[in-house]
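The residues making up each chain are set out below.
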Amino acid sequence: MNHERSHALFSRARELIPGGVNSPVRAFKSVGGEPFFAQSAQGAYIVDVDGNRYVDYVGSWGPMIAGHAHPQVLAAVSETMVNGLSFGVPNALEVTMAERIAQIVPSCEMVRMVNSGTEATLSAIRVARGATGRTRIVKFEGCYHGHGDSFLVKAGSGVMTLGLPNSPGVPSALADLTSTIPYNDFDAATKLFDEIGSEIAGLIIEPIVGNANCILPRDGYLKHLRELCTKHGALLIFDEVMTGFRVALGGAQALYGITPDLSTFGKIIGGGMPVGAYGGRRDLMEQIAPSGPIYQAGTLSGNPVAMAAGLATLDLIQVPGFHTELERRTHVLCDGLEAAARDAGIAFTTTRAPGMFGLYFREGPVETFEDAKASDTARFNRFFHAMLGRGVYLAPSAFEAGFVSSVHGDAEIAHTIDAARASFAELG
Ligand SMILES: Cc1ncc(COP(=O)(O)O)c(C=O)c1O
Ligand SMILES: NCC(=O)CCC(=O)O
């Protein structure tokens, strides 16, 4: 594959943009090599500036659940943009969006739109602190909630990939207020709440962890956390920026039947435009300015074009059976990859939730962050490049979930499994 133009762009980018990228996970740091620069993307495919075409399992890190450049989403954007790109006064589409989210996710009795997942999570913990009058936050090792100060403590995603789980620049006075515990460890949560439960404002969790590869909750684990929060007067915050509208229409909270106090969203509800949202119990959300004293704001929040793209995407995924089909495709892909690895005698396993998956170069099961870290990442890196060379783009890190969209059809999945068969054979 020729990557001449991408290489030239990356050289220019590195002169002026730190690391050549506007978000670290794009830099191919851990897998090695250089990122490709996108020219266009359509359906399940992304095409680079050198004309190479890849089946895309990153999907812009989550939003493209209905495929890239879906005609209905593009039409909604074009129809909306001619009326103006931003108003700075309320518009009808943001009301429709709030109604839609509240209808799909019943725990969100009220919703506030923001511009990224990071904004959603940092606003949610501000509400948790403001409403409870407490300061401590609990999170889980390997979970990523965006780049807010309070979350860059033993975080996943790029910070973990780059070995920077505790970022410089976060004052220790603030980081010390974030306690981290191992995901899926019932006793660690009980013990922490027994010790400092009365000081905990909120516990934030990726109900399915997608930023330390892909780790599913053990039976009863989320319920256990719900009970601990209720008992100790702390708020349970589900960060559904990744899982929301994906693992089920109503997100992980619908899949597992748990009601959080607050939820955060992003990615899919923007349909590829910059969007985030947070919502939850009415009594909590009413404490946000201007109805209450907890301040949170945004020049571009509720942007009409972003709302239009998000609503059009929600229209596409609200079709009955959408998520069942997404789940089926995820299984076909993961079963195929496991079979190919078995035939090649490679220690390999997958984890799956509807529309998302994890790949591990080790035997299963994978249930904890420690299990995920025990994957042979050097092998993953070689596999990543072997797949890329065969026209399959996986997340460029052993610690990121992959995404399946509704337009990853039989042909794309079959191509992926064939590519994996050849790639596994090369790994030896
Ligand atoms: C679970 C989770 N929360 C929060 C974020 C932050 O979202 P954003 O990158 O839009 O700020 C991400 C992804 O980046 C995420 O996966
Ligand atoms: N799972 C990782 C992300 O979704 C983050 C994308 C980014 O930081 O660019």
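Residues numbered from 1 in each chain as written. Chains lettered and ligands numbered in written order. Predicted model: local features only at pLDDT ≥ 70, side-chain atom pairs only at ≥ 80, totals over all residues. Heavy atoms only, no water.

- The name given to the protein in an unreviewed UniProt entry is Glutamate-1-semialdehyde 2,1-aminomutase, with the source organism recorded as Lysobacter soli.
- Recorded under Cofactor (unreviewed entry), the UniProt text for the protein is reproduced unchanged: "pyridoxal 5'-phosphate". (UniProt positions renumbered as here; feature names shortened; annotations may be inferred.)

1. Things to note about the site of ligand 2
1) Next: Within the structure, ligand 2 sits among S23, V25, W61, S157, N211, M242, K267 and E400.
2) Next: At a separation of 2.6 Å, an oxygen atom of ligand 2 approaches a polar side-chain atom of S23.
3) Next: Notes on ligand 2: free accessible area 280 Å², of which the protein chains cover 86%.
4) Next: Each residue belonging to the shell around ligand 2 can be placed in one class, and the counts come to three nonpolar, three polar and two charged. (Near = heavy atom within 4 Å. Polar contact = N/O pair within 3.5 Å; in protein donor to acceptor, adjacent residues only side chain to side chain. Areas by Shrake-Rupley, 256 points an atom, 1.4 Å probe, with all protein chains shown as cover. Nonpolar A, V, L, I, M, F, W, Y, C, P; charged D, E, K, R; others polar.)

2. Here's the deal with the domain arrangement of the protein
Accessible area lost during the coming together of the parts is what is often quoted as the interface size.
1) Next: With domains assigned, the protein is organised as domain 1 (4–69 + 320–427) and domain 2 (71–317).
2) Next: The C-alpha-based centres of domain 1 and domain 2 are spaced at 25 Å.
3) Next: Taken together, the contact pairs 37 residues of domain 1 with 35 residues of domain 2.
4) Next: Interface area for domain 1 against domain 2, summed over the two sides, is near 2900 Å², with a carbon-plus-sulfur share of 64%.
5) Next: At the boundary of domain 1 with domain 2, the tally comes to one salt bridge.
6) Next: R218 serves as the salt-bridge partner of E367, at 2.9 Å between the closest nitrogen and oxygen.
7) Next: Inspection of the region where domain 1 meets domain 2 yields 14 residue pairs in polar contact (both at pLDDT 80 or more).
8) Next: Among the secondary structure elements, those contributing two or more residues to the side of domain 1 that touches domain 2 are α12 (322–344), β11 (349–353), β12 (356–360) and α13 (369–373).
9) Next: Here the side of domain 1 that touches domain 2 gets five residues from one element, more than from any other, and that element is β12.
10) Next: For the side of domain 1 that touches domain 2, a count of residues per class yields 24 nonpolar, eight polar and five charged. (Domains from an automatic or database assignment. Contact = heavy atoms within 4.5 Å. Buried area = accessible area lost by both parts, 1.4 Å probe. Salt bridge = Lys/Arg side-chain N within 4 Å of Asp/Glu carboxyl O. Helix = DSSP H or I, 4+ residues; strand = E, 2+ residues; numbered from the N terminus.)

3. What about the site of ligand 1?
1) Next: Looking at ligand 1, the residues that line it are S116, G117, T118, Y144, H145, G146, E206, N211, D239, V241, M242 and K267.
2) Next: At a separation of 2.9 Å, an oxygen atom of ligand 1 approaches a polar backbone atom of G117.
3) Next: T118 is positioned such that a nitrogen or oxygen atom in its side chain is 2.6 Å from an oxygen atom of ligand 1.
4) Next: Expressed as a share of its isolated accessible area of 380 Å², the protein-covered part of ligand 1 is 82%.
5) Next: Taken together, the residues that form the shell around ligand 1 break down as three nonpolar, six polar and three charged.

4. Some words on the pairing of strand β7 (residues 200–205)
1) Next: Counting buried positions along β7 gives six out of six residues, so the element sits mostly inside the fold.
2) Next: Bridge count between strand β5 (residues 136–140) and β7: three bridges; the pairing is parallel. What sits directly across from I137, in β7, is G202.
3) Next: Here β7 pairs with strand β8 (residues 235–239) via four bridges, running parallel. Paired with L203 across the two strands is L236, which belongs to β8.
4) Next: Tracing the backbone out of β7, into helix α8 (residues 221–232) and back to the parallel element β8 gives a crossover that is right-handed. (Buried < 20%, exposed > 50% of the residue type's maximum accessible area, 1.4 Å probe, protein only. Pairing = 2+ DSSP bridges. Right-handed = clockwise from strand over helix to strand, strands pointing away.)

5. Considering the sheet that holds β5
1) Next: What the seven strands build is an open sheet, ordered β4-β10-β9-β8-β7-β5-β6; its pairing is mixed. Of all strands in the sheet, those with a lone pairing partner are β4 (110–114) and β6 (178–181), marking the two edges. Averaged over neighbouring strand pairs, the angle between their axes works out to 20° when direction is ignored.
2) Next: By the bridge criterion, five bridges tie strand β9 (residues 262–266) to strand β10 (residues 276–280) in an arrangement that is antiparallel. If you follow L262 over to β10, its bridge partner there is G280.
3) Next: Sheet strands in contact with helix α4 (residues 117–132) are β4, β5, β7, β8, β9 and β10, and its direction is about 165° off that of β9. (Axes fitted to C-alpha atoms, helices over the stretch in contact; angles between N-to-C directions.)

6. Some details on the packing of aromatic side chains
1) Next: Within this structure, the stated rule accounts for 19 aromatic pairs.
2) Next: Aromatic pair F186 and Y221: ring centres 5.1 Å apart, planes at 65°, arrangement edge-to-face. One end of the pair, F186, is in helix α7 (residues 186–196); the other, Y221, is in helix α8, and 35 residues separate them in sequence.
3) Next: Look at F186 and you get partly exposed, because its relative accessible area is 28%.
4) Next: You can call Y221 buried: its relative accessible area is 0%. (Phe/Tyr/Trp six-rings, centres within 6.5 Å; stacked < 30°, edge-to-face > 60°.)

7. Let's talk about the UniProt feature "modified residue: N6-(pyridoxal phosphate)lysine" (unreviewed entry) in the protein
1) Next: UniProt marks K267 with the feature "modified residue: N6-(pyridoxal phosphate)lysine" (unreviewed entry), using the numbering shown here.
2) Next: By the secondary structure assignment, K267 is in the loop between β9 and β10.
3) Next: When its relative accessible area of 24% is taken as the criterion, K267 is described as partly exposed.
4) Next: Every residue in contact with K267, bar those within four places of it in the chain, is listed here: W61, G62, P63, V241, M242, G272 and V275.

8. A look at the packing of helix α14 (residues 377–389) against helix α15 (residues 410–427)
1) Next: The contact between α14 and α15 brings their axes to 9 Å, and the two run at 130°. Taken together, the axis directions place α14 and α15 in an arrangement best described as oblique. Pair α14 / α15 crosses with right-handed handedness. Along the contact surface, α14 presents R379, R382, F383, A386 and M387, while α15 presents T416, A419, A420, S423, F424, E426 and L427.
2) Next: Looking at the contact of α14 with α15, its residues break down into seven nonpolar, two polar and three charged. (Parallel < 35°, antiparallel > 145°, perpendicular 65-115°, else oblique. Left-handed = near helix turned anticlockwise from the far one by under 90°.)

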